[in-house]
Amino acid sequence: MQPRGIIFFLASLSIFVVWFTPSVRAESYARVCATTVDSQSNEVPLAETSVPGVGEKLVAHLDASTECVALILPLVEKGSRLANGWRPQMVALPEWDERKLPAPPAVWNWNKGADPFELWIFFFKRDAVGLDEIQKLVAAMQSQTLDEKVLAQQTRKLCEKLNPRMTGKQPIIQGAKAGTALVGGTVRSTEFPWRDYAQKVELNDAFEGALVVRHGR
């Protein structure tokens with residue numbers, strides 16, 4: 001290859017790398033959809049018009065384009081207290097393998113008179129610094145026999161650990177985005193096409209991302 005040809009080839013390769021690399025990074029993302037399930041197992045996306053009631057439950061569907069760990073912390077709006085007695089949930093997400101939270105036996109009952117809430121949803125790299133401590137704390141909060149004062153202390157401690165990522169810069173949504181498959185309809189929960197209503201959460205180079213789902217403001 002002639003010197004001029006080599007220079008042209010290297011320049012072209014450099015341009016290819018510069019333009020190609022960001023597009024690869026942009027492919028790392030997670031998807032989240034909060035839904036409600038009634039006593040008949042009919043499921044619909046959580047929306048601003050959704051209301052709590054007898055037999056209603058809240059569910060979150062998640063998946064991700066890369067292996068990571070997800071945490072959902074349900075708080076009262078603009079507070080550091082658990083909303084409606086719901087316990088935080090944490091799960092490992094294999095690549096493109098859906099997970100649904102809360103995981104049994106936990107249930108997020110959404111009864112009449114429930115608190116307005118914010119679902120703080122975090123994504124972590126599987127070997128992220130400090131993740132083990134968060135996982136242990138979340139596991140300790142699952143006991144239904146915990147004293148309320150102890151649970152409140154654990155909640156504050158968890159918020160403190162997450163404080164660097166609770167900056168208020170996270171995207172905040174009031175409900176699922178509009179979809180085309182089920183406008184005005186419901187389906188049995190086992191068939192619910194939640195991805196049609198999912199919110200995309202971009203993950204950075206450390207596979208970190210966050211989203212806040214707010215309801216009842």
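Keep in mind the model is a prediction, meaning the values are calculated, not measured.

What counts, and at which threshold
- Residues numbered from 1 in each chain as written.
- Predicted model: local features only at pLDDT ≥ 70, side-chain atom pairs only at ≥ 80, totals over all residues.
- Heavy atoms only, no water.
- Helix = DSSP H or I, 4+ residues; strand = E, 2+ residues; numbered from the N terminus.
- Buried < 20%, exposed > 50% of the residue type's maximum accessible area, 1.4 Å probe, protein only.
- Areas by Shrake-Rupley, 256 points an atom, 1.4 Å probe, with all protein chains shown as cover.
- Pairing = 2+ DSSP bridges.
- Contact = heavy atoms within 4.5 Å.
- Axes fitted to C-alpha atoms, helices over the stretch in contact; angles between N-to-C directions.
- Salt bridge = Lys/Arg side-chain N within 4 Å of Asp/Glu carboxyl O.

Scanning the protein from N- to C-terminus turns up three helices and 11 strands. Across the protein, helices and strands are ordered from the amino to the carboxyl terminus as α-β-β-β-β-β-β-β-α-α-β-β-β-β. Expressed as a percentage of its 217 residues, the buried residues of the protein come to 41%. With an accessible surface of roughly 12300 Å², the protein has 54% of that area assigned to carbon and sulfur atoms.

Attention shifts here to the pairing of strand β3 (residues 57-64). The buried count for β3 comes to seven of eight residues, which makes it a mostly enclosed element. Pairing of strand β1 (residues 29-37) with β3 involves eight bridges; the strand directions are antiparallel. Within β3, the position partnered with Ala30 by the bridge is Ala64. The pairing of β3 with strand β6 (residues 99-101) spans three bridges and is antiparallel. Residue pairing across strands places Ala60 opposite Leu101, the latter belonging to β6.

A few words on unusual backbone geometry. Geometrically, the link from Leu101 to Pro102 is a cis peptide bond, its omega value of 0° lying close to zero. Within the secondary structure, Pro102 sits in the loop between β6 and β7 (117-124). A cis amide bond links Pro104 with the next residue in sequence, Pro105, at an omega value of 10°. Mapped onto the elements of the fold, Pro105 is located in the loop between β6 and β7. With a phi angle near 60°, Asn84 is a residue other than glycine that sits in the positive phi range. Residue position: Asn84 is located in the loop between β4 (68-76) and β5 (89-93). Positive phi is not limited to glycine here, since Trp96 has a value of about 55°.

This part covers the sheet that holds β4. Spatially, the five strands line up as an open sheet ordered β5-β4-β7-β11-β8, and their pairing is mixed. Of all the strands in the sheet, the pair left with one neighbour each is β5 and β8 (172-173). In this fold helix α2 (residues 131-140) packs onto β4, β5 and β7, with an angle of close to 130° to the strand it touches most, β5. Its contacts with the sheet place helix α3 (residues 148-162) against β4 and β7, and it is angled at close to 125° to β4.

When the charged atoms of two side chains lie near each other, side chains of opposite charge can form a pair. Under the criterion given, the structure shown has nine salt bridges. Two residues, Asp115 and Arg81, come together in a salt bridge whose shortest N-O distance is 3.5 Å. Taken together, the positions of Asp115 in the loop between β6 and β7 and Arg81 in the loop between β4 and β5 put the pair 34 residues apart, joining distant regions of the chain. What makes Arg81 partly exposed here is its relative accessible area of 48%. The residue Lys161 makes a salt bridge to Glu133 at a minimum N-O spacing of 2.8 Å.

Purely spatial values, then, with no claim about function.
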